[in-house]
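Architecture and fold: a report
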Amino acid sequence: MSVTTNQSPQPPVPQPSGTDPVLLLLLGIVVALALGATLYLCMAHPSLAGPIGAVGGIASALATAFGVAIALRRR
């Protein structure tokens, strides 16, 4: 006597697509803080506005680039 089991294949688990919303929120907060600190320093020290603005712009661009790199690495 043989026992036959009816095993139906399980549907594949869908992979989440897109980026993590928490990562996007943190990236937005970091960029906003970097730009806000740059604006504050430029207003507090007008003679250093050029160098401070350059550093703040580069910091915001680097934060965005790191966020994109982390988001693409997780896929």
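Use the structure listed above.
Sequence order as written defines the numbering, with residues in each chain counted from 1. It should be noted that, the model being predicted, local features are given only for residues of pLDDT at least 70 and side-chain atom pairs only at 80 or more, the latter also being counted only at that level, while totals for whole chains, interfaces and linings use all residues. Heavy atoms throughout the structure, all of them, feed into the side-chain values; hydrogens and water do not.

**Topic: the overall build of the chain**
How we decide: To qualify as a helix, a DSSP run of H or I must reach at least 4 residues; to qualify as a strand, a run of E must reach at least 2; elements of each kind are numbered from the N terminus. Residue exposure (1.4 Å probe, protein chains only): buried if accessible area is under 20% of the type maximum, exposed if over 50%, otherwise partly exposed. Residue burial considers only the protein chains on display, and all accessible areas are found by Shrake-Rupley using a 1.4 Å probe.
What the chain contains, in helices and strands, is 2 helices and 0 strands. A burial count over the chain gives 15% of its 75 residues as buried. Split by element, the accessible area of the chain, about 6,300 Å² in all, is 71% carbon and sulfur.

**Structural notes on the side chain of Ser-60**
Which entries qualify depends on this criterion: When checking whether two residues touch, look at their non-hydrogen atoms; a contact exists if any pair is within 4.5 Å.
Positionally, Ser-60 belongs in helix α2 (residues 49–73). The exposure class of Ser-60 is buried, given its relative accessible area of 8%. Each residue touching Ser-60, except ones within four places of it in the same chain, is listed here: Val-31, Ala-34 and Leu-35.

**Observations concerning α2**
Inclusion rule: Here, expected helix span is obtained from the residue count minus one, scaled by 1.5 Å.
In this model, α2 (25 residues) spans 36 Å end to end at C-alpha, consistent with the 36 Å of a helix rising 1.5 Å per residue. Within the span of α2, buried status applies to Ile-52, Gly-56, Ser-60, Ala-63, Gly-67 and Ala-71. Where α2 is buried, its residues contact α1 (21–44).

Everything listed is a geometric property; what it means functionally is a separate question.
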